[in-house]
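Here are the chains, one letter per residue:
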Amino acid sequence: MSGHSDGTSRAPGATLPAVTEGDEAANECDGGTPTGAQHTAAPDDAPGPAPGTAPAPLRVSPHGYRAAFEAARLPMAVLGRDGLVTAANPAFGELLGKDPHALVTASAADLTDLGGDPHIWTAYRDVLAGRSDRLRCTRRLKHPEGHSLWAEVSVEPLPGGDRVLLSVTDVSDRHDLQARLRHLQMHDPVTRLPNRALFFERLAAALESATYDRGGTGRIGLCYLDLDGFKAVNDTLGHRVGDRLLGAVAQRLTRCGEHPSGRAGRGGQLVARLGGDEFALLVEDSTGTEQLADLAQSVLDALQRPFDLAGQRLSVSASIGVVERAAAGTTATGLMQAADTTLYWAKADGKARWTLFDPERNAHRMTRQALSSTLRPAVDRGEFTLEYQPLVGLGDGRAQGVEALVRWRHPQFGTLPPNRFIGLAEENGAIVELGRWVLERACHQARAWQLARPEEPPLFVSVNVAVRQVWDSDLVADVARILAETGLAPELLQLELTESAVMGSAGRPLQALQALSDMGVRIAIDDFGTGYSNLAYLSRLPVSVLKLDGSFVRGFRSEEHPNPADETIVEALVALAHRLGLTVTAECVENAEQAARLRRIGCDTGQGWLYSRPLPADRVPALLAGTPETPEEENRD
Ligand code: C2E
Ligand code: MG
Ligand code: MG
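Okay, so let's go over this structure. All figures in this text were calculated on a predicted structure; none of them were measured in a lab. (Residues numbered from 1 in each chain as written. Chains lettered and ligands numbered in written order. Predicted model: local features only at pLDDT ≥ 70, side-chain atom pairs only at ≥ 80, totals over all residues. Heavy atoms only, no water.)

### Regarding the site of ligand 1
Stated formally: Here, proximity means that at least one heavy atom of the residue falls within 4 Å of the molecule or strand. Identification of polar contacts relies on pairs of N or O atoms within 3.5 Å, with a donor-acceptor requirement for protein atoms, meaning one able to donate a hydrogen and the other able to accept it, and with residues adjacent in sequence counted only if both atoms are side-chain atoms. Accessible surface area values rest on a Shrake-Rupley calculation with a 1.4 Å probe, where residue burial reflects the displayed protein chains alone. Runs of E in the DSSP output that reach at least two residues are strands. Runs of H or I that reach at least four are helices, and both are numbered from the N terminus. For this classification, Asp, Glu, Lys and Arg are treated as charged, while Ala, Val, Leu, Ile, Met, Phe, Trp, Tyr, Cys and Pro are nonpolar and the rest, including Gly, are polar.
Inspection of the region around ligand 1 gives 20 residues, with Gln389, Glu403, Asp526, Glu590 and Trp609 positioned closest. Between a nitrogen atom of ligand 1 and a side-chain N or O atom of Gln389, the distance comes to 2.9 Å. Contact between ligand 1 and Val406: a nitrogen atom at 3.2 Å from a main-chain N or O atom of the residue. Within the complex, the protein chains bury 81% of what would otherwise be the 800 Å² of accessible surface of ligand 1. Elements represented by at least two residues in the shell around ligand 1 include exactly β17 (399-410) and β21 (522-528). Considering each element in turn, the shell around ligand 1 owes the most residues, four residues, to β17. Each residue belonging to the shell around ligand 1 can be placed in one class, and the counts come to 10 nonpolar, three polar and seven charged.

Shown next, in the form of C-alpha cells:
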C-alpha cells in the first residue's frame, strides 16, 4: 500500500485529517486495487511513497481532505482500530438517518451489521488488527424510517496504521434488479415454480448440508414425476390448454408439498418444474421411504380429480419415480439418475403409479447396459470363445457332429453363458458381427478336425443363427465365403434357427434359407416344440432337421410320470417328421434311460450331458477317440 500526503495535521474537534488546500486528490492504491481518493485519505500520518512507487503524488492540504470528506457523496466513516467511529461524513449520516456527529464512538460493526455473519465478522476483525488489508461485503441495513437497503460495505486501513476507513455504497437498486433477474432466471414462467436451475442449486445445497450438518436426519428424498399422455393434450387441445394444465398441476403439487403426509424435514419440500411435463418434489431431511411413498401417493390422489380449464374438463395421471436414501455418498447426478430410472420403471409397469427405486433391479439394468455397450468391442478384442457339444447317433453312440456354443470370457464378470448376452446382441445388432465370428471360428475348427483325422468320417458342425443375421447381413454370402476360405464342405455345416425365426418367413429370409439349402448346407429347427410346432408348415421350408426342445426329454422321467404324455408326443412327432423327410435330434439327454427310450421311439441323434458337456475345442478329439480326459461326471459345472 502506498498512501501519500505531506504537511497534514488533525483538524480541531474531529479526528478527521486536515487537508492542504488546492490539491485535488491523492493517488491511492490498496493491495493493488485502485480506489477513489476519498476512500483512503489519511493526511496527518500518511507515510511517503513506498520505495519504487513511480510518480510523485499530488499534495493535498489537510483542509482539502476534510472538505472532500465532508462533501463526498459516498458515505464514509473513519474508525479507530477498536472499530469505533472517530468521524463520519454527512453522506454516512444521511444513509443511516442519523446526525453524523452523533455517530462518533458508535460501533461501526453495529451500524453496518458486520457482526451478523461469522465470516464477515472475522474478516472485519482481521482488517482492524492489520492482518488483512481489505473487506468488502454486502449487508442489509435498516433505515430508522423503516425501509431497508442493501449496502456494499468496504473497510480498509488508512495509511499510518491506527485508523481504518469504512465506506458504504447503496446498492439497493442493483440488488433488487439482481434479485428480480435471479427470480426470473430461477423460476418457470408457465407454472411460477422453481425451475431446473434452482432445483439443482437447492439439491446440491441440501446434499451438502445434510452430509455435514448432524442436526437433521442426514437423508434426502425425491419424487420425480412425469405426466402420462401430456403430449396428447398439447397436440389435440393446443399449447395454451397444455400450459394451463401445467399451471393447475403445479398448484396441486405445491399443496401436496405444503401439507406433506409425513413429517417435513427442516428444509421442507421444494416443488419444481424440471421441464416439459416433468416435476420434482424434493424432501430434505426425509425420514425414510415411507414418507416419500406417502407423498407420492398424495400426489397421485391430488391429480386424480379432473381439471376444469376454462370449460375444458381434463383428466391426467402421472408416473412417479421415488428415491429415498442417505445423503452421505449421494451426488445430485446419482440421485437424478436413480430417479430417472425409477420413473422409467413406473411408466413401463403401466403408468399412473409410483415406483420405488430398487437397487437390485438397477444393478441388473446397469449390467445389461454395460454388457450391451461392450459387446461389439469385445468381438474385436477376441473375448469370445466357442465350446463344442457332440451330437451323437442314438443307434451306434458315435458322435456325428458338434454344436458350437459361444461363451464370453468377460474381463470383469468372468465367463458368461450365451443367455446373458445373445438377446442383447440381437437387440443392438452386435449379433451380426458376433454371429459371423462364430461361423468363421466353427467352420475353421471343423475343417481342422477333419484334416487332423483324415481316415475318420468327418464331423459336421452345427452353428446357431439368430434371425437378425438373416435380415441384417448377407448370410448367404458370408457362408459361401467362409466355406470357400476354410475348405469345409457345405454338407459339414448345419445352421440352427428357431421355429419363430423361420415362421412366416417369406421374401428375403426364405430366399436365404433356400439358397443355403441349395448350397448343400443343412437347416435345423432349434428348440422345436417351444413355439408353434407347426410341422406341416416347416416341411414346406428347406429344413432338414428338427431339434426337439429339452423339455420333452425332461418329461420322460419314469417314476414321477409312469405314463408321461411327452413320450407319446415325441413318438408321434418323430414318426411325422420322418414321414416328412426330416431327421430328429433330441436335446438335453441326461441319462441312459432317456437315451434308450429315444432310441426305441426312433429318434436319430441325441445331445446332452449323458454324452458330454460342451467342451473347449482342444478336448474334443479325445472325446471322439472315446478316451475323454476326465470322466463325464467331472465335466459338470
Ligand atoms: P441351444 O442351441 O438349444 O443349445 C443347447 C443348450 O443346452 C446349451 O446351452 C447347452 O449347454 C445346453 N445343454 C446341452 N446339454 C444339456 C443337458 O443335458 N441338460 C441341460 N439342462 N442343458 C443342456 P448354452 O450353451 O447355455 O446355450 C444356450 C443357448 O444360447 C443355445 O441354446 C442357443 O440358443 C444360444 N446360443 C449359443 N451359442 C450361440 C451362438 O453362437 N449364436 C446364437 N445366435 N445363439 C447361440
Ligand atoms: Mg442350438
Ligand atoms: Mg436348442
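Now that the structure has been shown, the text picks up again.
### A short note on the coordination of the magnesium ion (ligand 2)
Stated precisely, the cut-off is as follows: With water excluded from the atoms, a metal site may look incomplete; its donors are any N, O or S atoms within 2.8 Å, or within 3.2 Å for Na, K and Ca.
Coordination sphere of the magnesium ion (ligand 2), protein contribution only: Glu403 (OE), Asn464 (OD1), Glu496 (OE) and Asp526 (OD), at 2.0 to 2.2 Å. On the primary sequence, the residues serving as donors to the magnesium ion (ligand 2) are separated as E-x60-N-x31-E-x29-D. Here the magnesium ion (ligand 2) and the magnesium ion (ligand 3) are spaced 3.8 Å apart, with Asp526 acting as a shared donor. In this pair, Glu403 is assigned in strand β17 and Asn464 in strand β19 (residues 460-464), connecting sequence segments 61 residues apart.

### Details of the pattern of salt bridges
Selection criterion: Salt bridges are counted wherever a side-chain nitrogen of Lys or Arg sits within 4 Å of a carboxyl oxygen of Asp or Glu. The cut-offs for exposure are 20% and 50% of the maximum accessible area for each residue type, with area from a 1.4 Å probe on protein chains only; residues under the lower value are buried, those over the upper are exposed, and the others partly exposed.
In this structure the tally under the stated criterion is 31 salt bridges. Of the charged contacts, one joins Arg134 and Glu156 as a salt bridge, the two residues approaching to 3.9 Å between their closest N and O atoms. Taken together, the residues span a long stretch of sequence, with Arg134 in the loop between α5 (118-128) and β6 (135-142) and Glu156 in strand β7 (residues 148-157) at a distance of 22 residues. Glu156 matches Arg134 in its accessibility class, with the two residues each being buried. A salt bridge links Arg163 to Asp162; its shortest N-O distance comes to 3.7 Å. Overall, Arg163 belongs to the buried group, its relative accessible area being 5%.

### Examining unusual backbone geometry
Non-glycine residue Thr105 carries a positive phi angle of around 75°. Tracing the chain through its elements places Thr105 in the loop between α3 (90-96) and α4 (108-111). Under the relative-accessibility criterion, Thr105 is labelled exposed at 57%. Despite not being glycine, Arg192 has its phi angle at roughly 60°, a positive value.

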